[in-house]
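Per-entry structural report
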Amino acid sequence: MRALMFTSSIALLALAAPYSAVERDPVTGDEWIGTLGAGLIRNSAGRLDRFTQFNSGLAGDVLLDVKVWEGRIFAATTRGISGYDPRTETWTLDLPRRGDAAPVVIVRFLVIPSDPPSAASLHGCAFDGSPFRYDAGTDAWAPSGDRAARTACESTRNEKAEVKAPRPPERTEPSSVTPVAIGILIPMSRTISVPGADRPWPDERVDRVAIEELLALRTKRGEAPIELSASAFTYERHGFGTPDDTLAILASRPEVAGVVGHDVPYGSVESILASRLGMPIVDAAPGKSVSGEIEDPWVFRCDRYGHDGQAAVLDALLADLDRPRLAVVRTPGGETARRLDFWVGRAAKRGARIVADVIWDPKGNDLGAVLKKLQRARAQGVLTWSDAQASAALLGGIRKAGLRAALVGGPAIVNEDFARSAPPDAGTVLAVTPCSHAEAGGGPPPESLHDRSSEAAEHLLAAVENAGRDREAVRGELQRKRSQSVARLKNGVWGTVAASLLIE
Amino acid sequence: MSRKLPAFVLLLVPALAAGSEPAIFVGRQVCVSCHDAGGAAHVCTAEAGEAHGKSYRALLRPEALSIAYMTGTGEAPRDSQLCLGCHATGADEGPRFWEPTFRIEDGVQCEACHGPGSDHARARRVASKRTGETRAFDEERLTISPKSDLCKSCHVPRASHHMVLDDGYRRPEDDLRYKNPVGLAVSAAGDRLFVVCERSGSVAVVDTAARRVLSEIQVDPQPQDIAVHPDGRTLYVTSRKSNTVSAIDVASGKVVASVPVGAAPHGVRTDGAGERLFVLATGQNAISVRNPRTLAETARLVAGTGPWSAALRPDGKALAVTNLMPEPAPFRDPHHSEITIVDPRDGRVSARVPVPDANTLQGIAFVPGRDVAIFTLMRTNDLVPMTRLQQGWVVTNGLGVLWPDGRVDQVLLDDPADSFPDPTGLAVSRDGKFAIVTSAGSDRVAVVDVAALLEFLRTTPDDRRRNDLPYRMGTSTRFVLKRIPVGRNPRAVTFSPDGRFAYVAATLDDAITVIETSGFTVAATIPLGGPEVVTETRRGERRFNSAAFAFGRQFSCRSCHPEGNMNGLTLDIEADGIGLRPVDIRSLRGILDTPPFKWEGTNPSLAHQCGPRLSVFFNRLEPPSKEELSALVRYVATIERPTNPYRSAEGLTPAQRRGKQVYDRKTNNRGEPMPPATRCGYCHSGSYKTSLQATGVGSEMWFDSEAPDVERIDLSDVDALGWFGIVYFSYVSPDPSRLRALDNPHLRGIWNSAPYMHNGTAPTLEEIWTRFNLYNWHGVTGDLTRQQFNDLIEYLKTL
């Protein structure tokens, strides 16, 4: 009898994802397929069972290698090594690391043969070429001193991943559209429409500006619009799916020529993927520097602002206040509330006391009542995170009421709208804004925003246009721009921002 | 205060030195060494302490057996996690986390409320020399109000306890002596019939010539299926309760080996050469390939969902396995079931055949000489509201035919006015002429003319075979020769090697019905020796398994709850509005103490659930009499849970213990306190892991109608909620009043009750949170790390 069925259409679709490894279990004959972005697939006589980070204990959906070892299945994901025992149906998770350093990503498994064969050992190669050995006794991965493993791992260092695309991209391009696409990495959920894209885009924070800039630039140059590739939603939470997975999915699609992203948590992962897949990635705004990334010219970061900078402002605010008493002003909106809660938690950790927690609906037009509550609570500072218009109105009011406020917001908030609506002296408010805003002494910020997004777009366009033609040139260009950015970061831009705002 | 600690506390200290490990249980003696009546900080009232101390001993009283029987725990009360959960301390964690000073016999001890005390005892030991201050306890647990939810998690009325302690119900010992034959095998010579008796846990050896029981071999509890090794010297029996397969030496009638095989095994077969033994680990969707001599596992194959019975093709080149449950399908999408084909020669799965729209595949047999397999199936029309009962279109029953090329045909055994409910056992005669199918729900068997059936299919146009026959009632006149009444609830059937007789196991009559195949008449009934008396539970069991009460005899309780569990489907019962609230069919195992019933929690007791309400929608006839209802409820209460394969006798593994800590946590990963209502144990509390309340977790869909009344939270009430509570309910759960409250399900046996959520939309435990808890309404899980989340799942699987 022939195997005819696919038990899950979702699993079948997942086969269209590029895969990194196929491993056959010698005992059961089952095939284990590691995909870049679609999890681990078991093909048992045509039955496709898909294990993902959502429906199983698998650490991440981006698998760099798979190995069947002594009845267990090991998956090297970008979020650690997952081990699955089909007999007990249990998953284990290991994050190999050297000493106290951050966990490393294992990119490839190796079996080091031995005499007798039963003493063969399972190794994993980290991206930097160092070997880790699996110890079945402790069920853990530890740095290995095995010479053979070291040699084998070294030889594959920086080797491009052998990514197999089972289905070549089938596209018939209208002549007005360039045959490339930009992947956009967006953390979560709401939907807005973007001019030039033929469908609504999920948007959250910053990327809309970058996308619009990108499109505007091409239009200005008289070029055909770029077709925007799809971006998978991500879950902004630990463990269940993060932007790096989405990034990897985008980056591994053959039709995607570049990726623009924001706030990618695992810098080393994007670095690995970018390099292994030969894919330029522009990260719009995280302001984080990750060790090892500097050498990698394929990832570009704008280095303008981000959590670190925002945290610096908050810390400065708290340090400035004696026994800080903070008030929280919430405005309706899911994601803004989520972010604000993060900052409230952060402030609490630094010893701030939350003396008032006020909910304000700008549509209700009851700003006066809100301010009264803040004054009554004798708040020394106010934390809020809102949209541009509401923020502007609120900050103006707070200023008049003689309170200090930390507006924790990026360009989705501090933008043209904000500038239009904010009172002239809004600069006295503590606000996290892009560098040039601060350097200009707290003036209206729109210019800097354009600077930032245009810069990102320019880099990306340069990379895209050169993709497939002269990679080395693109590499060099990105390297140069990147080192400029790094230099800016090193010059302590953020110290300036915080100080200039506080001195006022 | 300086106080000399008893010697055993000093001995304890080195053992407690490992600081990073979670605290473990030290036992009451260690606690009272400081906190006795004369000492400081003794706040527990002596009365409460004493009563709590007796709780374990209560499990040794004879009444406890009856209570345990009514809870379906299936274990002695002193071994049952369900009982120990409220009658003892530290049972969930298990002996691995007990100090030598800890004695479970001390019942509900200090640590039951205050948490494991090893850290506190160690801190105390160190601190007493200096400051006398110790704070190794979680502050929240230092003072327990008698009205706290912690107390209420156990101190709730339990129907099982009320039934026994107040109403004087006692377990009828006859209940345990029934036989319940469910599996049959005949020796090669045909002189012996081996009958697997599920209830009595034995294999009865029947002399087929004398038609009487020769001997009875005790095996592991709840035996299910039996296979004879080709050499005729060994029998293999699976046992559901003990999760084992046993080998029996035929000559001596002794069990020679018994090994664990995976959860709730059902079917067992050998290959033709007797070199491989295939055991179906039904509860874990696996086929365990074993060495028939040593019973050691050589491979574990992936089956469909709930592998049930296996049949070997006469040429030995294929083993076909039916699967009881359909494969997981997207919400309200058509389902299919799988026939798994194993190649016995290399012990690997060679093919999988989908059987569209079918479920509850059970008996299977090959037709000798034709390489065609026939199997039983049900077609539950789960995608339409159950408004079509009168037309006979809710559950239909039939046969599947698997051709050598992998094609599957489906035909119905139902006639428009007379269904053939619960087709269960199936056998084909050695000459391939006849098949006998049992209808467990209507106490009959049908004799199928195999050649006529195959010819009927072959001559039917392709389109009709696919789109008409699976739905068409009445076609069975083309191939069913005869329907023969047999004993109650026939579940297994087999032919004698010479083909002259067929033996049918009448499960709820404790008898074998012998059918003479020359004229297909009942030749004899062989009693297996069960009690003559019919207890109330037995009456209930018969009613549960009989379709007699349903309109047109279409289905029994068992049709949707095979083996008291569930069939993995989602049904739209029209009682609550057509097209509204399709709900996941829930397991009936051990549910008496988990009221209210139904997902909406509208039925306060099992009698409400099984009584008039059900009769209105299911049988359209008169409701059951009071006696019938009482018997049915008694029986449903006793339906046992399977043994949990994820939990060992030593208690939790380190990963499972970590998971329990996540379950019990009171602060999130940022160190912020979690309001009680956001913790797992608030709604899933006590021994059953349910507070017996209803809660909204945001799982409702637009067609789940409005909740009648949901408590609204006053966001300005700072005193009641605290600042964090206000933040929580403003942000994490912006409008909890809009959430539709649904019954907090108990979590016992959750490892075996997929799919999850009230409408079965989560195929795996993980997806309950990764897909359906975006807003932290179903407990705060958004901050969990991957490791914590995996640990939590590991713990839940032990319940």
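Throughout what follows, the structure given in this document is the object of discussion. (Residues numbered from 1 in each chain as written. Chains lettered and ligands numbered in written order. Predicted model: local features only at pLDDT ≥ 70, side-chain atom pairs only at ≥ 80, totals over all residues. Heavy atoms only, no water.)

Counting secondary structure elements, chain B contains 23 helices and 32 strands. Classification of the 799 residues of chain B by burial places 59% in the buried group. Sequence separation of at least 24 residues holds for 57% of the intrachain contacts in chain B that already meet a minimum separation of 6. Of the roughly 31,200 Å² of accessible surface on chain B, 54% is carried by carbon and sulfur atoms. (Helix = DSSP H or I, 4+ residues; strand = E, 2+ residues; numbered from the N terminus. Buried < 20%, exposed > 50% of the residue type's maximum accessible area, 1.4 Å probe, protein only. Contact = heavy atoms within 4.5 Å. Areas by Shrake-Rupley, 256 points an atom, 1.4 Å probe, with all protein chains shown as cover.)

What follows concerns the sheet that holds strand β9 (residues 268-270) of chain B. Residue and element names in this part refer to chain B. Reading across the sheet, the four strands line up as β9-β10-β11-β12 and stay open at both edges, with antiparallel pairing between neighbours. The sheet terminates laterally at β9 and β12 (297-302), the two strands that pair on one side only. Put simply, the sheet's adjacent strands are angled 20 degrees from each other on average, direction ignored. (Pairing = 2+ DSSP bridges. Axes fitted to C-alpha atoms, helices over the stretch in contact; angles between N-to-C directions.)

Okay, the interface of chain A and chain B next. Facing the 46 residues of chain A at the interface are 54 residues of chain B. Summed over both partners, the interface of chain A with chain B buries about 4,100 Å², with 54% contributed by carbon and sulfur atoms. At the junction of chain A with chain B, the criterion picks out three salt bridges. When the shortest N-O distance is used, the salt bridge between E338 of chain B and R47 of chain A registers 2.7 Å. At the junction of chain A with chain B, the criterion picks out 15 residue pairs in polar contact (both at pLDDT 80 or more). Counting only elements with at least two residues in the side of chain A that touches chain B, the list comes to β3 (40-44), β4 (47-51), β8 (90-94), α7 (334-349) and β21 (353-359) of chain A. Counting residues per element, the side of chain A that touches chain B draws most heavily on α7 of chain A, at five residues. Among the residues making up the side of chain A that touches chain B, the classes are represented as 19 nonpolar, 13 polar and 14 charged. (Buried area = accessible area lost by both parts, 1.4 Å probe. Salt bridge = Lys/Arg side-chain N within 4 Å of Asp/Glu carboxyl O. Polar contact = N/O pair within 3.5 Å; in protein donor to acceptor, adjacent residues only side chain to side chain. Nonpolar A, V, L, I, M, F, W, Y, C, P; charged D, E, K, R; others polar.)

This paragraph deals with the state of the cysteines. Residues and elements named next belong to chain B. Summed over all chains, the structure comprises two disulfides over all chains. There is a disulfide in this structure between C86 and C154, and the S-S distance comes to 2.0 Å. Its torsion about the S-S bond being -95 degrees, the disulfide of C86 and C154 is classed as left-handed. Here C86 is found in helix α6 (residues 81-87), whereas its partner C154 is found in the loop between α9 (149-152) and α10 (159-166), with 68 residues between them in sequence. Using a relative accessible area of 19% as the deciding quantity, one classes C86 as buried. Here C154 falls in the partly exposed class, since its relative accessible area comes to 26%. Here C83 stays free of any disulfide, with the sulfur of C86 as its closest cysteine sulfur at 9.4 Å. Cysteine C683 shares no disulfide, and the gap to the nearest cysteine sulfur, in C680, comes to 9.6 Å. (Disulfide = S-S within 2.5 Å.)

Here we take up helix α8 (residues 367-376) of chain A. One full turn of an α-helix is made of 3.6 residues, so residues set three or four places apart face in the same direction. All names here are of chain A. Along α8, the residues that are buried comprise L367, V370, L371 and L374. Buried residues along α8 cover an arc of 95 degrees about the axis, so they all sit on one side. Across α8 from its buried face, at more than 90 degrees, point the exposed residues K372 and R376. (Arc of directions from axis to C-beta.)

With that settled, consider the side chain of E198 of chain B. All names here are of chain B. Along the chain, E198 falls in the loop between β2 (192-197) and β3 (202-207). One polar contact links E198 to Q224, side chain to side chain, over a distance of 3.0 Å. Polar contacts involving the side chain of E198 include one to the side chain of R240, which spans 3.5 Å. Not counting the four nearest positions on each side in its chain, E198 is found in contact with K179, N180, V182, Q222, P223, Q224, R240, R491 and E563.

Between two packed helices, both the angle of their axes relative to each other and the distance between the axes serve to describe the pair. Residue and element names in this part refer to chain B. For the pair helix α14 (residues 536-545) and helix α18 (residues 626-638), the least separation of the axes is 7 Å and the interaxial angle reads 90 degrees. As summarised for this structure, α14 and α18 are arranged roughly perpendicular, according to the angle between their axes. Residues E536, T537, R539, G540, E541, R543 and F544 of α14 lie in contact with α18, whose contacting residues are E627, E628, S630, A631, L632, R634, Y635, V636 and T638. Taken together, the residues that form the contact of α14 with α18 break down as five nonpolar, four polar and seven charged. (Parallel < 35°, antiparallel > 145°, perpendicular 65-115°, else oblique.)

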